[in-house]
Amino acid sequence: MKIAKFSVLLLILYIFPVAFSQLRVGFYSQSCPNAEIIVQNLVRERFGLDPSITAALTRMHFHDCFVQGCDASLLIDPTTTQPSPEKNAGPNGSVRGYELIDEIKTALEAQCPSKVSCADIVTLATRDSVFLGGGPSYVVPTGRRDGFVSNSEDAEGILPGPGLPVPDMLTFFGNKGMDVFDAVALLGAHTVGIGSCGNFVDRLTNFQGTGQPDPTMDPGLAGRLRNTCSAGGSQFAALDQSTPFAPFSFDNLFYTQIRERKGVLLLDHLLATHPSTSGVVFQYAANNELFKRQFAIAMVKMGSVDVLTGFAGEIRRNCRAFN
């Protein structure tokens, strides 16, 4: 609780007055007073059945916010007139949790029709799932509205891949107003993440066309991942292998792991070795409270990226379709 209270205090005093004048904490206090409670209860119910929902919603929030801003454009389903929305883009193939957003939206529409945006639902649900997974408790300002545009080409051209060089990664975040502390903290969400073998199998067998495993990866880890990704085995692996009996535990052990050459993704390994980020990785590995506090700050920043407010956009009645 001490970490959570400090995070909330820091967010309100240092970030909210400057960066979020278009959003505000408690936006639905009059128009839909139970909105955040409804979201919280349904996320808690889902988490009890599937703790991996923390990783799913965090990924959804990230992929939505960095393409066209946090406007729920990722949620749009394909139609005959819009055959290729963001959801169809290759990088979004692993995004899941849409049915939980639908469930929350249905409950909110029943109590407060056309009041709570899908963009705010994603933001609030992600916040609640992070806390349930052991992450920080933090407040988020609301008042986002839903966008009118959703194209797979935008996502294909913007979302970064797992082998992105560190300087390019920092530029990617910097273009959205985030610094190195934010970037490394947000990538720390990999502590509850899973990755498709296709995103790292080259490191196990044929790194950069050498015909050999990546020499910078811990040999023991490489061997375990080869078994995981072999024919007949699982096609996914936990990105944080330091807690095998609690794979969805939100903590800073991910940073310790990547400092020991046990990063599954190439980008995660590079975070620990590149001079621009290695110092931050060391700080987060040494201080779980610092990591969680900075993660909360970065999540609130990310949730404000290119938002629609006021009379811009709309409040969708169905998160999967424009009104």
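Here the structure is a predicted model, which means the values were calculated and not measured.

### Looking at the overall build of the chain
Check the secondary structure of the chain and you find 14 helices and two strands. Since a compact globule built from 323 residues should have a radius of gyration of about 20 Å, the 19 Å found for the chain is in line with a globular shape. The principal-axis extents of the C-alpha atoms in the chain amount to approximately 60 × 50 × 35 Å. Counting across all 323 residues of the chain, residues that qualify as buried make up 51%. By sequence separation, contacts in the chain at least 24 residues apart represent 76% of the contacts at least 6 residues apart. Carbon and sulfur atoms make up 57% of the accessible area of the chain, which amounts to about 13,800 Å² in all. Taking the 26 positively charged and 30 negatively charged side chains of the chain as two groups, their mean positions are separated by 5 Å.

### A look at the domain arrangement of the chain
Each assigned domain of the chain is listed with its residue range as follows: domain 1 (34-158) and domain 2 (166-301). The gap between the C-alpha centroids of domain 1 and domain 2 is 23 Å. In this assembly, 19 residues from domain 1 lie in contact with 15 residues from domain 2. Interface area for domain 1 against domain 2, summed over the two sides, is near 1,500 Å², with a carbon-plus-sulfur share of 79%.

### Overview of the UniProt feature "binding site: heme b" (unreviewed entry) in the chain
Within this structure's numbering, the places UniProt gives as "binding site: heme b" (unreviewed entry) are His190. Inspection of the secondary structure puts His190 in the loop between helix H8 (180-187) and strand S1 (194-196). According to the relative accessible area criterion, His190 is buried, its value standing at 18%. Each residue touching His190, except ones within four places of it in the same chain, is listed here: Leu239, Asp240, Phe254, Leu265 and Asp268.

### Thoughts on the pattern of salt bridges
In this structure the tally under the stated criterion is 16 salt bridges. One salt bridge connects Glu36 with Arg127, and the closest N-O pair in it is separated by 3.0 Å. Taken together, the residues span a long stretch of sequence, with Glu36 in helix H2 (residues 35-49) and Arg127 in helix H5 (residues 118-132) at a distance of 91 residues. Two residues, Arg320 and Asp77, come together in a salt bridge whose shortest N-O distance is 3.3 Å. A residue pair is termed long-range when its members are at least 10 positions apart, and Arg320 in the segment after helix H14 (288-302) and Asp77 in the loop between helix H3 (53-65) and helix H4 (98-111) qualify at 243 residues. Take Asp77: its relative accessible area is 23%, and that puts it in the partly exposed class. Put simply, Arg46, Asp50, Arg96 and Glu99 are held in one network by salt bridges that share partners.

### So, helix H10 (residues 219-229)
By the burial criterion, the buried members of H10 are Leu221, Ala222, Leu225 and Cys229. Projected onto a plane normal to the axis of H10, the buried residues spread over an arc of 100° and lie on a single side. Seen from the buried face of H10, the exposed residues on the opposite side, beyond 90 degrees, are Pro219 and Asn227. Packing partners of the buried residues in H10 comprise helix H9 (201-205) and strand S2 (236-238). Two or three places before Gly220, at the start of H10, stands the capping residue Asp218, its side-chain oxygen 3.1 Å from that residue's backbone nitrogen.

### Some thoughts on the state of the cysteines
For the structure shown, the criterion picks out four disulfides. Two residues, Cys65 and Cys70, share a disulfide whose sulfurs are 2.0 Å apart. An S-S torsion of about 120° defines the bridge between Cys65 and Cys70 as right-handed. Neither Cys65 nor Cys70 differs from the other in exposure class; each is buried. With its sulfur 2.1 Å from that of its partner, Cys197 forms a disulfide with Cys229.

### Quick word on the packing of H2 against H5
Between H2 and H5, the shortest axis-to-axis distance is 9 Å and the interhelical angle comes to 50°. By the angle between their axes, H2 is oblique relative to H5. The element H2 and its partner H5 pack so that their crossing is right-handed. Together, Glu36, Val39, Gln40, Val43, Arg44 and Phe47 of H2 and Leu124, Ala125, Arg127, Asp128, Ser129 and Leu132 of H5 make up the contact between the two elements. In terms of residue class, the contact of H2 with H5 is built from six nonpolar, two polar and four charged.

### Digging into the packing of aromatic side chains
Considering all chains together, one arrives at 14 aromatic pairs under this definition. With a centroid separation of 5.0 Å and 85° between ring planes, the pair formed by Phe27 and Tyr28 is classed as edge-to-face. For Phe27, a relative accessible area of 29% corresponds to the partly exposed category. Across the ring face of Tyr98, the terminal group of Lys87 is positioned such that the distance to the ring centre comes to 4.2 Å.

### Comments concerning the environment of Ile194
Position of Ile194 relative to the elements: it lies in strand S1. Sequence separation between Ile194 and Ser73 is 121 residues, and the spatial gap between their C-alpha atoms is 23 Å.

### So, H14
End to end, H14 covers 21 Å across 15 residues, agreeing with the expected 21 Å (1.5 Å per residue, within 8%). For H14, a buried count of 12 out of 15 residues is recorded, marking the element as mostly surrounded by other parts of the structure. Of the residues flanking the start of H14, the one acting as N-cap is Asn287, its side-chain oxygen 3.1 Å from the backbone nitrogen of Glu289.

Conventions we followed
Residues numbered from 1 in each chain as written. Predicted model: local features only at pLDDT ≥ 70, side-chain atom pairs only at ≥ 80, totals over all residues. Heavy atoms only, no water. Helix = DSSP H or I, 4+ residues; strand = E, 2+ residues; numbered from the N terminus. Rg over C-alpha atoms; globule rule 2.2 N^0.38 Å. Buried < 20%, exposed > 50% of the residue type's maximum accessible area, 1.4 Å probe, protein only. Contact = heavy atoms within 4.5 Å. Areas by Shrake-Rupley, 256 points an atom, 1.4 Å probe, with all protein chains shown as cover. Lys, Arg positive; Asp, Glu negative; His and termini not counted. Charge placed at Lys NZ, Arg CZ, Asp CG, Glu CD. Domains from an automatic or database assignment. Buried area = accessible area lost by both parts, 1.4 Å probe. UniProt positions renumbered as here; feature names shortened; annotations may be inferred. Salt bridge = Lys/Arg side-chain N within 4 Å of Asp/Glu carboxyl O. Arc of directions from axis to C-beta. Polar contact = N/O pair within 3.5 Å; in protein donor to acceptor, adjacent residues only side chain to side chain. Disulfide = S-S within 2.5 Å. Axes fitted to C-alpha atoms, helices over the stretch in contact; angles between N-to-C directions. Parallel < 35°, antiparallel > 145°, perpendicular 65-115°, else oblique. Left-handed = near helix turned anticlockwise from the far one by under 90°. Nonpolar A, V, L, I, M, F, W, Y, C, P; charged D, E, K, R; others polar. Phe/Tyr/Trp six-rings, centres within 6.5 Å; stacked < 30°, edge-to-face > 60°. Lys NZ or Arg CZ within 6 Å of the ring centre and 35° of its normal. Expected span 1.5 Å × (residues − 1).

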